[in-house]
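Here is how the chains run, residue by residue.
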Amino acid sequence: LSVLRRRCGIAGKRLSGLGLAAEGQVLRSVLYVYHSRLLRHRPYLALQQVEQCLKRLWKMNLVGCLETLVELIPKKTASKAHAECLVPSQPMLETVALKVLGGCKLILRLLDCCCKAFLLSIKHLCSKEFILLNTLASGLLSRLWFVIQYRCVLQTLTSLYSALSTTLHLVSETQQTPYIKGFTFPSDICDFLGVNIPSEAKKQKALMLTTKKSTSWMKQLFPPMPEAISKVGKKRKSETCASAMKNRSIPCAVDIGETVV
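Residues numbered from 1 in each chain as written. Predicted model: local features only at pLDDT ≥ 70, side-chain atom pairs only at ≥ 80, totals over all residues. Heavy atoms only, no water.

Novice: What am I meant to see in the side chain of Glu 23 here?
Specialist: Residue placement: Glu 23 occurs in helix α2 (residues 18–33). Residue classification places Glu 23 among the buried positions, given a relative accessible area of 10%. (Helix = DSSP H or I, 4+ residues; strand = E, 2+ residues; numbered from the N terminus. Buried < 20%, exposed > 50% of the residue type's maximum accessible area, 1.4 Å probe, protein only.)

Novice: Please explain the nonpolar core as it appears in this structure.
Specialist: For soluble globular proteins, the rule of thumb is that nonpolar side chains tend to be buried together. Grouped together as the largest cluster of nonpolar side chains are 64 residues, with contacts concentrated most on Val 50, Val 100, Ile 107, Leu 157, Leu 160 and Leu 164. At the level of secondary structure, the elements contributing two or more residues to this core comprise α1 (2–15), α2, α3 (42–59), α4 (62–72), α5 (90–126), α6 (131–150), α7 (153–174) and α8 (189–193). For this core, the leading source of residues is α5, giving 18 residues. (Core = buried A, V, L, I, M, F, W, Y, C linked by side-chain atoms within 4.5 Å.)

Novice: Just to check I follow, could you spell out the packing of α5 against α6 for this structure?
Specialist: The description of two helices packed together rests on the angle between their axes and the distance between the axes. Packing of α5 against α6 brings their axes to within 9 Å, and their N-to-C directions diverge by 150 degrees. In this view, α5 runs roughly antiparallel relative to α6, as classed from their interaxial angle. Crossing handedness for the pair α5 and α6: left-handed. Contact residues: Ile 107, Leu 110, Leu 111, Cys 114, Ala 117, Phe 118, Ser 121, Ile 122, His 124 and Leu 125 in α5; Ile 131, Asn 134, Thr 135, Ala 137, Ser 138, Leu 141, Ser 142, Leu 144, Trp 145, Ile 148 and Gln 149 in α6. Here the residues of the contact of α5 with α6 sort into 14 nonpolar, 7 polar and no charged. (Axes fitted to C-alpha atoms, helices over the stretch in contact; angles between N-to-C directions. Parallel < 35°, antiparallel > 145°, perpendicular 65-115°, else oblique. Left-handed = near helix turned anticlockwise from the far one by under 90°. Contact = heavy atoms within 4.5 Å. Nonpolar A, V, L, I, M, F, W, Y, C, P; charged D, E, K, R; others polar.)

Novice: How should I be thinking about the packing of α1 against α7 in this particular structure?
Specialist: Running from amino to carboxyl end, α1 crosses α7 at an angle of 150 degrees, the nearest separation of the two axes being 9 Å. Between α1 and α7, the angle is such that the two are roughly antiparallel. Of the two possible hands of crossing, α1 and α7 adopt the one that is left-handed. Mapping the contact onto sequence places Val 3, Leu 4, Arg 7, Cys 8, Ile 10, Ala 11, Arg 14 and Leu 15 in α1 and Val 153, Thr 156, Leu 157, Ser 159, Leu 160, Ser 162, Ala 163, Leu 164 and Thr 167 in α7. Of the residues assigned to the contact of α1 with α7, the class counts are 11 nonpolar, 4 polar and 2 charged.

Laid out in C-alpha cells, this is it:
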C-alpha cells in the first residue's frame, strides 16, 4: 500500500506539471490564431490531432482519480501480521487501473502524433511554406515531446500499473467484488500496449534528430549572405535608424526596412 501511495503521488505530480499544461495552452492558442487561414494545411491538421490527444487526456481526469485513490489508502499500515487494515475496494482499483491503461495508450498516441507533425512541419519549412507557423510548430512539438519524455510520464504510469495490478490481485483474492466485466486486466502492461517503451522513445528521438540537422533546413532557408551585401545592409539600416530618430513623425507609407536578398 505504501508503494502504491507513493507511485500515485509521483504520477499525479508529473501529469499535473506546469510544463505539460503550458505547452497545451500555447498549442490551443496557435490553433485558434491560424484556424481560418490554414484549414487544409497538413501540418495544421497534424497539430489538431496532437491537441485532440491532449484534450482527451485532460478529460479523463486521471489526476483526480489518482488523488481519490490516495485518500483511500491509509497513511500508516498495520505493524502486526494479522491485524486488520483498510484497503481500497476492488471496483475503485479496477477503475483506476483501467484509466491508467487508457492514459498510457493516449500518451503513446500523443508522442506518435507529435513526431509525425514535427516531421511534416520541417518538410513544409524546407519548401518555404508558411515559415512562421511551421517554425513555431516545430519548436512547440519538440518541447511537448521533450516534456513528456524528460518527466518520464509514460514510465511513471507503467510502474504505477504494476503496483495497481499487484494490489488488485490481492484484494480480489480476499473478497471478489468485480466491477468491470468482460475485460481481463493484463499482468504486463507492455504486452497490452504492444510496444517496448524505451526502444520506441529512442526510435522517435533518432528520427527527429536526423531530420533536424544543423546543415539542413536552416541553411536552406537562410543562406549565408555575401560580406559586401551584408555591409551595405548594415549601413542602410544604421542610416535609416538615424533619420528616423531625427524625424520623429514618419509617414506610414514610407518603407523603412532593408531589402531582403
